[in-house]
Every structure is written in C-alpha cells, then in structure tokens.
Amino acid sequence: PILKEELFQELLDNDNTKSSNKITIVGIGAVGMAAAFSILTQNVSSDVALVDIFEDKLKGELMDLQHGSNFLKNAKISASSDLAVSAGSRLIVVTAGVRQKEGESRLNLVQRNVDVMKTIIPKLVEYSPETTLLIVSNPCDILTYVAWKLSGLPKNRVIGSGTNLDSSRFRFLLAQRLKIAPTSMHGWIIGEHGDSSVPVWSGVNVAGVCLRDFNPNIGKEDDSENWNQCHDEVVNAAYEVIKLKGYTSWAIGLSISDIASAFLCNTNSVKAVSTLVKGIHGIDKEVFLSLPCVVNSNGISSIVIQKLSADELKKLQASANLIDEIQKGIKF
Ligand code: 6V0
C-alpha cells in the first residue's frame, strides 16, 4: 500500500491497541440488535463485537451498522460466527436462543436455551477470562444461574438483566396515571423476570412521598382504585407486545444499555438485576432473582435489603421455590 506509506509516518511497528470497554453481544436477533443500537448510539462502548450462528444476517447487520458509523462516535464494530471475535471483552451480553411464541411462557424455553448456553458460555470465558456476563435470554433468572455454573465466574460477575425492564415498564404505567415523567416515578419490581414478579408497593413513591400513605390498600385486591392493574400490565407486557409485533426489542435494548453503562462507567447505580439471592429475604434456595443491586465495574458489588412487607416476602419466596423446582429438571 504505497499511498498509505506516503501519507503516514508510522511511529510503531506493531500498533496493538486494546479497548478497555469492549462489549460482545451474542445473539443478533431482535433483542441483540436493539441492544447493539442502544449501546452504540448512547456511546456506552467504543468496541462492539457481534456473534451469531446466522452468518448472512451477521454480515448484513455489521454492514448496516458500519454504514452509519459517520453518525456515531467512531466505535469499532466487528462480527463473526467464531466466538474468538469476543476475545478481551469486558462485558458479554447473551441474547442467543429461542424466544416465546405467542402465548408461550418464558419458563417453557428452559432446556432449549440451556443447551445454547452449554455451547457458548465455556468458550466465551476461555476467550475473556476476566469478563462479566449479562444474561438476557429467557428464562432470564434460570439462565443466569446456568451461566454462573457453566462459567466458573464469581457471582458478582454474572448478572441477569432481570426486572430492570419490568421496573421500567412499571414506572411508565404508574407515571401515566399520575401524569408525571417516568423517571420521577419511583417503584421497584423484584423477583422473577416473568409471571411471578413482585411489585414492591410498600416503596412506590413520588418525591419520597409513599403512595401507600394515601391509599393503604394500594396494590391489594380490595383497592377500589385498582392500582395493581399496573403490575398486571407489566406481567402481560411481553405477551401483548409479542402478539402485536412478534417480539419485544426497544425497551429491552435500552435496559441492557443502561446496565452496561453502569458497569463500564463504574457508576454504583442501583438497578433491579438478577443475582444469587440465597440467604437473603429468607430464601434458602440457590437461585437467581432480581433485587436492587449496586452495579459498578465489579459487576454487582452489593444488594440493597429492602424493607419488604410480609406479603411481598411471601411472594418472593414463592418465586424462589418455583425457580428452584424448574432448575432441578435441567440437564447440564
Ligand atoms: P431472535 O430474534 O430469535 O434472536 C435469537 C438469535 O440467537 C438468533 O439470531 C439466533 O441465530 C441466535 N442464536 C441461537 N443459537 C445461537 C448460538 N448457539 N450462538 C449464537 N447465536 C445463537 O430472538 P430475540 O432476539 O427476540 O430474543 C432473544 C432471547 O431474549 C430470547 O430468549 C427471548 O426470550 C429473550 N428476551 C429476554 C428479555 C429480558 O428481559 N430478559 C426480553 C426480551 C426477549
């Protein structure tokens, strides 16, 4: 390349720079690509690698994103069906696997997606021994447990995207009722990312003012204002969106980018993500469920112990038992 040699005076023979914020996204379906787009447009990482088994789609998505580079902040984007492309990742987001069909529960996907985890997790960790995993594929909590087991990584480095998304849906729906911005609406959904998730009504507040102080029955069955409809809608959200457009993508993509940013920027933000909860809130099973967690460059550094009501504790423990029962049937 004569032109290149004339244009540049090279200072180094071997320019082997490495990024400190590389993210690999495994699985470039609706969710993986929405995550990639959010991460790139929000400048969360300057080095994004995409992995899938579907080679043509991979090449097409890579070209399409690269053609938009001029409107981004010069992130390096790479893609391959070979997991070696993930080497040196700080964070690996796993969205590979099958998704729910119309009306199908997340829990129904378990063994099919466990089999996918078995083929990818050990190799990913071989290529990036210091990595942190963010598991998104469903059933999210169970697959986070499976990824933890398969990876041999410490528990703080295996995170499930969990109810970060459910909490966002919840805040949006509550905020709509009160006609305020969703970011000014505080409320948490914990437990399973799925049908048995637990809304923490005791803590729902605006500007520190608990809604329960005005309506002691908020969230309960005998609440005349039926606020619990907001939680019912959260539980039904994925079913509804899948019925309407075939899959969910934008909200989960943004949720992934939000968690990735807390991790890479070492922010100590508190997020509802799935973590090993054995020994907390009376749970004695080795299961992953979402609780508010402090997220920083160590992954999850601590868990916020909320003051839960007896009813919330009961629901959370029931979630743990349900997940544990399903985990017993998994073939590793
Ligand atoms: P999709 O659009 O079918 O994409 C899945 C992708 O995974 C496809 O491109 C496959 O080729 C790829 N894939 C399958 N096996 C492998 C493998 N061994 N290695 C690499 N790639 C592989 O599904 P979609 O993107 O809609 O959903 C992906 C997963 O995310 C599903 O399990 C969903 O249920 C789950 N979701 C989780 C959410 C959460 O909040 N945790 C939210 C939405 C969807």
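Refer to the preceding data block for the structure.
These figures come from a predicted structure and were not determined experimentally. (Residues numbered from 1 in each chain as written. Predicted model: local features only at pLDDT ≥ 70, side-chain atom pairs only at ≥ 80, totals over all residues. Heavy atoms only, no water.)

Asker: When you look at the overall build of the chain in this model, what are you seeing that I'm missing?
Answerer: Across its full length, the chain holds nine helices and 14 strands. When the backbone C-alpha atoms are referred to their principal axes, the chain occupies close to 80 × 45 × 35 Å. Here the chain, with 332 residues, has 49% of them falling under the buried criterion. Considering only contacts within the chain whose residues lie at least 6 apart along the sequence, 70% involve residues at least 24 apart. A total of about 16,200 Å² of accessible surface is found on the chain, and carbon and sulfur atoms cover 53% of it. Where the 33 positive side-chain charges of the chain centre and where its 36 negative ones centre are 3 Å apart. (Helix = DSSP H or I, 4+ residues; strand = E, 2+ residues; numbered from the N terminus. Buried < 20%, exposed > 50% of the residue type's maximum accessible area, 1.4 Å probe, protein only. Contact = heavy atoms within 4.5 Å. Areas by Shrake-Rupley, 256 points an atom, 1.4 Å probe, with all protein chains shown as cover. Lys, Arg positive; Asp, Glu negative; His and termini not counted. Charge placed at Lys NZ, Arg CZ, Asp CG, Glu CD.)

Asker: How do you make sense of the site of the ligand when you look at a structure like this?
Answerer: If you check the shell around the ligand, you find 26 residues, and the closest are V31, D52, V98, R99 and V136. Between the ligand and V31 there is a distance of 2.9 Å, counted from an oxygen atom to a backbone nitrogen or oxygen. In the environment of the ligand, a nitrogen atom lies 2.8 Å from a nitrogen or oxygen atom belonging to the backbone of V136. Relative to its free-state accessible area of 860 Å², the ligand is covered by the protein chains to the extent of 86%. Those elements giving two or more residues to the shell around the ligand turn out to be α2 (30-41) and α4 (110-127). Ranked by residue count, the leading element in the shell around the ligand is α4, at four residues. (Near = heavy atom within 4 Å. Polar contact = N/O pair within 3.5 Å; in protein donor to acceptor, adjacent residues only side chain to side chain.)

Asker: Honestly, the pairing of strand β13 (residues 288-296) in this entry has me stumped. Any pointers?
Answerer: Every other side chain in a regular strand lies on the same face of the sheet, so the side chains alternate between the two faces. Of all nine residues in β13, nine are buried, a share of seventy percent or more. Relative to β13, strand β12 (residues 269-276) runs antiparallel, the two sharing eight bridges. Across the sheet, K271 pairs through a bridge with C293, a residue of β13. Relative to strand β14 (residues 299-303), β13 runs antiparallel, the two sharing four bridges. Counted as the bridge partner of V295 is I300 from β14. (Pairing = 2+ DSSP bridges.)

Asker: Even after reading the chapter, I still don't get unusual backbone geometry, so can you show me in this structure?
Answerer: Most of the time, phi is negative for any residue but glycine, and the peptide bond is trans. Note that the residue after N138, namely P139, is joined by a cis bond; omega there is -5°. Inspection of the secondary structure assignment puts P139 in the loop between β5 (132-135) and α5 (140-151). For N266, which is not a glycine, the phi torsion comes out positive at approximately 55°. On the secondary structure map, N266 appears in the loop between α8 (250-264) and β12. Positioned with a positive phi, N268 is a non-glycine residue whose angle comes to about 60°. Examined against the element boundaries, N268 turns out to sit in the loop between α8 and β12.

Asker: Would you take a moment to explain the pattern of salt bridges for this structure?
Answerer: Two side chains carrying opposite charge are able to pair once their charged atoms lie near each other. Here the structure, examined in full by the defined rule, presents 10 salt bridges. With its nearest N and O atoms 3.4 Å apart, the salt bridge here joins K315 to D311. Taken together, the residues K315 and D311, both in helix α9 (residues 310-328) and four residues apart, mark about one turn of the helix. A single salt-bridge network, built from bridges that share partners, covers D324, E325 and K328. (Salt bridge = Lys/Arg side-chain N within 4 Å of Asp/Glu carboxyl O.)

Asker: What is the right way to read the nonpolar core from this model?
Answerer: Here is a general trend for soluble globular proteins: nonpolar side chains tend to be buried in one another's company. Grouped together as the largest cluster of nonpolar side chains are 41 residues, with contacts concentrated most on V94, I120, I121, L124, L133, L289 and L316. Put simply, the parts of the chain that give this core at least two residues each are β2 (47-51), β4 (91-94), α4, β5, α5, β13 and α9. Take this core: its biggest share by element is seven residues, from α4. Membership of the second largest hydrophobic core comes to 33 residues, among which are L65, A75, L91 and A260. (Core = buried A, V, L, I, M, F, W, Y, C linked by side-chain atoms within 4.5 Å.)

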